[in-house]
Amino acid sequence: MDTQIADPTLITYDVERVRADFPVLSRTVHDKKGKPGKPLVYLDSAASAQKPRQVIDAMTRFLEEDYSNIHRGVHFLSQTATDQFEAVRGKVARFLNAPSERNIVFTRSATEAVNLVAHSYGRAFLSEGDEVIVSIMEHHANIVPWQLLQADKGVRIKVVPVDDRGVLDLDAYADLLSDRTKLVAITHCSNVLGTVTPAKEIARLAHERGVPVLFDGSQAAVHGVVDVQNIDADFYVMTGHKLYGPTGTGVLYGKYDLLKKMPPYQGGGDMIESVSFEGTTFKLPPARFEAGTPAITEVIGLGAALDYIESLGREAIAAHEHDLLRYATEKLSQVEGVRIIGTAPGKGPILSFTVEGVHPHDVGTIVDQYGVAVRVGRHCAEPLSERFGVGPTARASFALYNTRAEADALVSSVIAVKEFFGA
Amino acid sequence: MDTQIADPTLITYDVERVRADFPVLSRTVHDKKGKPGKPLVYLDSAASAQKPRQVIDAMTRFLEEDYSNIHRGVHFLSQTATDQFEAVRGKVARFLNAPSERNIVFTRSATEAVNLVAHSYGRAFLSEGDEVIVSIMEHHANIVPWQLLQADKGVRIKVVPVDDRGVLDLDAYADLLSDRTKLVAITHCSNVLGTVTPAKEIARLAHERGVPVLFDGSQAAVHGVVDVQNIDADFYVMTGHKLYGPTGTGVLYGKYDLLKKMPPYQGGGDMIESVSFEGTTFKLPPARFEAGTPAITEVIGLGAALDYIESLGREAIAAHEHDLLRYATEKLSQVEGVRIIGTAPGKGPILSFTVEGVHPHDVGTIVDQYGVAVRVGRHCAEPLSERFGVGPTARASFALYNTRAEADALVSSVIAVKEFFGA
Amino acid sequence: MMDELRELYQEVILDHGKNPRNFRHPDDANREAKGENPMCGDRFMIYLKLKDGVVEDVAFQGRGCAISTASASMMTEVVKGKTEAEAKALFETFHDLCTKDDHEHGDHGPVDEEAMEKLMVMSGVRQFPVRVKCATLAWHAMNAAIEGQDKASSE
Amino acid sequence: MMDELRELYQEVILDHGKNPRNFRHPDDANREAKGENPMCGDRFMIYLKLKDGVVEDVAFQGRGCAISTASASMMTEVVKGKTEAEAKALFETFHDLCTKDDHEHGDHGPVDEEAMEKLMVMSGVRQFPVRVKCATLAWHAMNAAIEGQDKASSE
Ligand SMILES: Cc1ncc(COP(=O)(O)O)c(C=O)c1O
Ligand SMILES: Cc1ncc(COP(=O)(O)O)c(C=O)c1O
């Protein structure tokens with residue numbers, strides 16, 4: 001491990017200082033009658049990340065000083081709130097290296113962003129017999145919207161398999177692409193396996209046939225630098241609460257010519273140019289897709305989260321997380337009976353595993369008593385858990401605030417599980 | 001005015017104490033080079049209400065101590081977050097006197113709630129030639145979703161007129177109801193005129209023909225006690241940010257037998273029972289309609305907002321607001337050239353007006369320089385502004401924290417507008 | 001902390017979890033219902049042989065955590081031979097045991113006290129609210145099967 | 001504060017706002033475009049008579065605030081008689097005037113300096129960002145009409 005500790009990015013990355021930014025990380029859980037329980041070891045950031053003080057403060061400050069509805073007011077607060085809100089659109093564009101802020105649509109979540117594309121693009125441009133290609137490792141958010149479209153329009157869903165490590169089968173993908181393919185919707189990073197998919201190559205192959213590609217960046221955007229122009233994504237979705245930002249925020253990036261030809265998604269205020277019962281006209285994107293009052297305060301908070309991430313440096317964060325993943329993987333593999341699911345090269349800091357003879361649900365309950373928060377279950381990716389024939393798993397995920405000591409705590413709690421069950 | 005001051009509800013309602021709960025209300029606007037400008041006179045709560053410290057604190061506390069994703073975790077934080085989130089569902093149910101929390105679906109906003117019904121109920125149960133009845137005073141949020149359904153399914157939209165005071169024409173409504181009517185979607189309180197509609201009678205007439213009714217309660221829920229069982233609403237929507245709660249929160253109340261037969265709205269995590277590429281099954285409502293990670297922190301904040309409202313007392317709030325409306329109406333009517341739009345008896349505390357010879361946009365800019373924040377424009381209710389032949393208007397709206405002194409400030413700023421324009 | 005875990009995972013439970021009784025699909029079952037916990041992916045099929053209002057046989061298959069497996073296993077042991085009404089009373093009483101404080105337990109008609117004593121080992125789940133579903137899953141499915149439904153409603 | 005208001009609403013603007021020039025629909029107009037500001041509901045139609053690349057006549061109708069009406073009125077005064085290229089250069093230069101600090105103004109080709117001097121009265125909107133759309137609305141529509149479009153794109 002010495003070589004890693006000598007890595008300069010790790011030396012400059014001061015995780016204890018980072019942790020001090022996250023109030024919740026200093027709490028204990030399972031306190032009893034005033035007696036503190038166990039220190040929280042939060043290894044569930046792939047489900048949702050904790051928020052730094054900078055994000056909490058940005059929201060509080062906004063609510064205490066500048067809050068107002070946006071876009072529709074000439075008064076002072078409305079203007080300043082609008083300016084702050086729209087400035088975040090620019091930040092998101094820069095975060096993804098989008099050509100312009102008009103490529104950025106704010107949604108409630110990644111889930112809503114995929115549904116927006118399925119509803120608007122899908123219903124306008126796909127019809128019976130057309131095919132949508134997804135992968136076996138999609139989160140339900142990138143499966144069920146296409147199934148609803150299937151029920152609605154008779155489109156067909158084709159599924160790209162993965163190998164036993166969890167690597168996407170690119171050959172199979174290339175074979176699935178055909179004249180019937182009208183959309184590809186694939187994750188950029190699996191929330192169960194950690195697999196990072198070859199986005200650029202996926203897009204290139206699809207574009208050879210003129211097929212647009214949506215990437216689910218809910219996990220990928222958190223663990224590395226995403227450049228939507230470089231990978232040539234047509235749509236890219238992400239979700240604020242995993243980016244250390246507030247719940248209620250999501251992002252849809254879209255190429256402008258695609259957004260422009262898409263019909264509205266939801267109807268309401270702010271997305272219209274003019275309304276009458278004879279005929280209503282709609283604004284240009286992104287406004288067209290943002291009906292009603294958006295999550296104003298939360299978008300402000302998302303802006304602070306992106307600033308926070310940039311202040312630490314996305315490459316430094318990735319290096320730190322990668323170190324944790326390597327460390328935890330090595331330690332956990334040494335525990336007999338532990339099987340790690342997802343071993344793709346270059347994977348993100350997500351560690352799914354099973355303990356022989358102990359159901360993950362029981363693993364979760366027991367490690368939780370040691371303060372270790374992991375997710376157990378199918379992680380909203382049921383087809384994948386069937387693929388690996390393991391049913392549910394336990395999943396530890398590492399974030400910019402986790403430490404090697406926490407990885408150790410995970411490992412010793414898993415050992416305690418085994419002892420408990422005599423397994 | 002003496003009789004009103006003697007009103008006991010007004011005496012016990014301590015507006016200065018209430019104001020102290022709202023940090024933003026003590027700010028000034030248009031500060032110049034460190035010199036404070038004018039004290040903020042916030043009369044734009046119908047667009048969005050300011051947030052009391054109690055709401056801000058509840059969100060901050062949650063983020064600092066208990067934040068986690070919900071519903072899917074066995075670990076401590078996930079459980080406590082889930083419990084707190086679900087407790088708010090119960091609070092909302094009690095706020096609306098819904099029979100149970102399972103009648104309550106969380107959405108992003110009122111806009112999304114109407115779109116949910118249009119998308120799910122509308123597309124499943126309405127078809128070509130079926131009619132949806134709305135009123136001429138709907139907000140775009142309760143017009144455009146039906147127009148999208150019109151474009152999609154060929155349904156027709158029928159429009160109930162109002163009289164010159166802004167009172168809904170119940171006879172015309174009764175005449176519009178026919179065998180072709182499949183849904184009624186009417187506001188419970190107009191955001192421009194303040195008109196409160198006779199919800200119970202509207203529902204009774206519709207139910208005689210077996211037609212379900214949706215009420216847009218975005219304004220009504222703020223200014224009085226709503227009892228969905230008493231008015232016998234089939235659907236009722238409201239929006240958190242006008243209820244002194246966070247942006248990113250909305251509520252759909254639905255009768256359970258209706259919700260239960262409605263197909264999913266968006267697909268994703270948390271709304272499914274089981275997912276496979278062979279076939280996916282969905283959870284029962286409300287989960288069925290809540291795909292993906294919801295606005296967790298914001299729902300917690302909404303709970304705090306409802307608690308706050310209840311702590312002041314909804315009747316006391318309504319009495320206070322009603323006093324302000326009466327006072328401001330009287331004062332403003334005395335200004336020559338001012339025309340008040342919307343004079344229905346029993347209206348909510350919303351005061352739309354025009355100033356002869358001065359465009360509302362100019363009114364807005366000038367009163368803003370006096371610190372007075374009003375909304376100008378068509379208030380997302382374009383058909384209505386055509387109906388009254390006035391185009392855009394200025395709108396002052398009163399909330400639980402406004403004062404008579406602020407009403408005075410409005411009136412003197414309007415007088416200044418007139419002087420400025422020599423009108 | 002470890003005390004509570006021991007309370008939840010009592011020896012009996014660990015035993016039933018590892019060696020579930022009546023883990024089979026009887027040929028002559030005439031009722032079956034599925035019980036599913038979407039959160040953790042537990043899935044059981046409960047098989048009943050009902051004759052003249054009596055549960056002549058009851059068995060189960062599927063996979064789940066130690067708690068749900070043990071609870072299913074114990075359920076089959078105590079329900080066998082009961083009348084439909086007795087089985088339902090046991091279900092209701094057991095449900096109270098897992099979810100309510102003692103003084104809040106309702107009266108669900110006469111129950112087999114001996115059976116309830118056996119089931120007492122499950123009461124530790126009260127300290128683990130998120131595990132209550134595990135403990136009651138098979139029971140819900142058994143109840144659904146008696147009522148002629150093919151799955152326990154998820155809520 | 002009142003200073004800035006006076007800066008925005010200069011006498012000339014109040015005058016044009018109340019008594020707009022060229023407020024009519026010329027019979028021989030051969031181009032027209034709509035300008036609309038959805039936020040405040042301002043709506044104008046701009047009518048042009050273009051002949052041999054010259055704006056022979058320009059007029060407008062519609063309703064809007066003092067700023068947008070005055071700006072439309074003044075636009076018609078200065079654009080009349082200009083070539084298409086001159087009109088577009090005026091538009092670009094005026095747009096800079098309303099949105100950018102002096103030193104950031106771009107070079108949009110030769111412009112009628114006298115016209116620009118007249119238009120200087122509108123520069124007060126720079127202090128009122130939300131009113132910039134009002135000041136430029138008719139100009140956008142004029143520009144759209146020259147380019148043969150029927151409405152100014154809303155953004
Ligand atoms: C890969 C992936 N896609 C989509 C989602 C859905 O995100 P959200 O629930 O915020 O919409 C998640 C997270 O749950 C995820 O991990
Ligand atoms: C009557 C009415 N309906 C619906 C809405 C839409 O609310 P939201 O923008 O929060 O969805 C509003 C507020 O803008 C309103 O006043």
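Residues numbered from 1 in each chain as written. Chains lettered and ligands numbered in written order. Predicted model: local features only at pLDDT ≥ 70, side-chain atom pairs only at ≥ 80, totals over all residues. Heavy atoms only, no water.

## Some thoughts on the overall build of chain C
Helices and strands together make up the secondary structure of chain C, namely 6 helices and 3 strands. The secondary structure elements of chain C, listed N-terminal to C-terminal, are α-α-β-β-β-α-α-α-α. Compactness check: chain C gives a C-alpha radius of gyration of 14 Å against a globular reference of 15 Å for 155 residues, within 12% of the reference. Principal-axis analysis of the C-alpha atoms gives chain C an extent of 45 × 30 × 30 Å. Per-residue burial over chain C gives 50% buried out of 155 residues. For chain C, the computed accessible surface area is about 7000 Å², with 45% contributed by carbon and sulfur atoms. Of the side chains in chain C, 19 bear a positive and 29 a negative charge, and the two mean positions are spaced by 7 Å. (Helix = DSSP H or I, 4+ residues; strand = E, 2+ residues; numbered from the N terminus. Rg over C-alpha atoms; globule rule 2.2 N^0.38 Å. Buried < 20%, exposed > 50% of the residue type's maximum accessible area, 1.4 Å probe, protein only. Areas by Shrake-Rupley, 256 points an atom, 1.4 Å probe, with all protein chains shown as cover. Lys, Arg positive; Asp, Glu negative; His and termini not counted. Charge placed at Lys NZ, Arg CZ, Asp CG, Glu CD.)

## Here's the deal with the confidence of the model for chain A
Overall, the prediction assigns chain A a mean pLDDT of 95, with 97% of residues at 70 or greater. Low confidence marks residues 1-6 of chain A, where pLDDT is under 50. Its contacts with residues over four positions away, or in another chain, come to 11 contacts. (pLDDT = per-residue confidence, 0-100. Contact = heavy atoms within 4.5 Å.)

## Considerations on the site of ligand 2
What surrounds ligand 2 is a group of 15 residues, the closest being T293 of chain A together with T111, D216, T239 and K242 of chain B. Flanking ligand 2 are residues from chains A and B. Between T111 of chain B and ligand 2, the recorded distance is 2.5 Å, taken from a side-chain N or O atom to an oxygen atom. Notes on ligand 2: free accessible area 400 Å², of which the protein chains cover 98%. (Near = heavy atom within 4 Å. Polar contact = N/O pair within 3.5 Å; in protein donor to acceptor, adjacent residues only side chain to side chain.)

## Quick notes on the confidence of the model for chain C
Residue and element names in this part refer to chain C. Chain-level pLDDT for chain C is 91 on average; 97% of the residues reach the 70-or-more range. Element-level pLDDT for chain C is lowest in helix 1 (residues 2-8), with a mean of 83, against a maximum mean of 96 in helix 3 (residues 66-79). Our summary of model confidence lists the complex with pTM equal to 0.95 and ipTM equal to 0.93.

## Some words on the nonpolar core
Judged by nonpolar contacts, the single largest core of 81 residues is most densely connected at F353 of chain A together with Y9, I67, W139 and M142 of chain C. Broken down by element, this core gets its largest block of residues, 11 residues, from helix 6 (residues 132-146) of chain C. Discounting chain neighbours no more than four positions away, the residues touching M142 of chain C are I46, L48, M75, V79, A87 and F91 of chain C. Core analysis: the next-biggest nonpolar cluster, separate from the first, contains 79 residues, A394 and V411 of chain B together with M122 and C134 of chain D among them. (Core = buried A, V, L, I, M, F, W, Y, C linked by side-chain atoms within 4.5 Å.)

## Focus on the environment of V237 of chain A
Residue and element names in this part refer to chain A. If you trace the backbone, V237 turns up in strand 9 (residues 235-239). Between the C-alpha atoms of V237 and V155, which are 82 residues apart in sequence, the distance is 22 Å. When neighbours within four sequence positions are excluded, V237 is seen to be in contact with A110, A113, V114, L214, F215, D216, G217, S218, V251 and L252.

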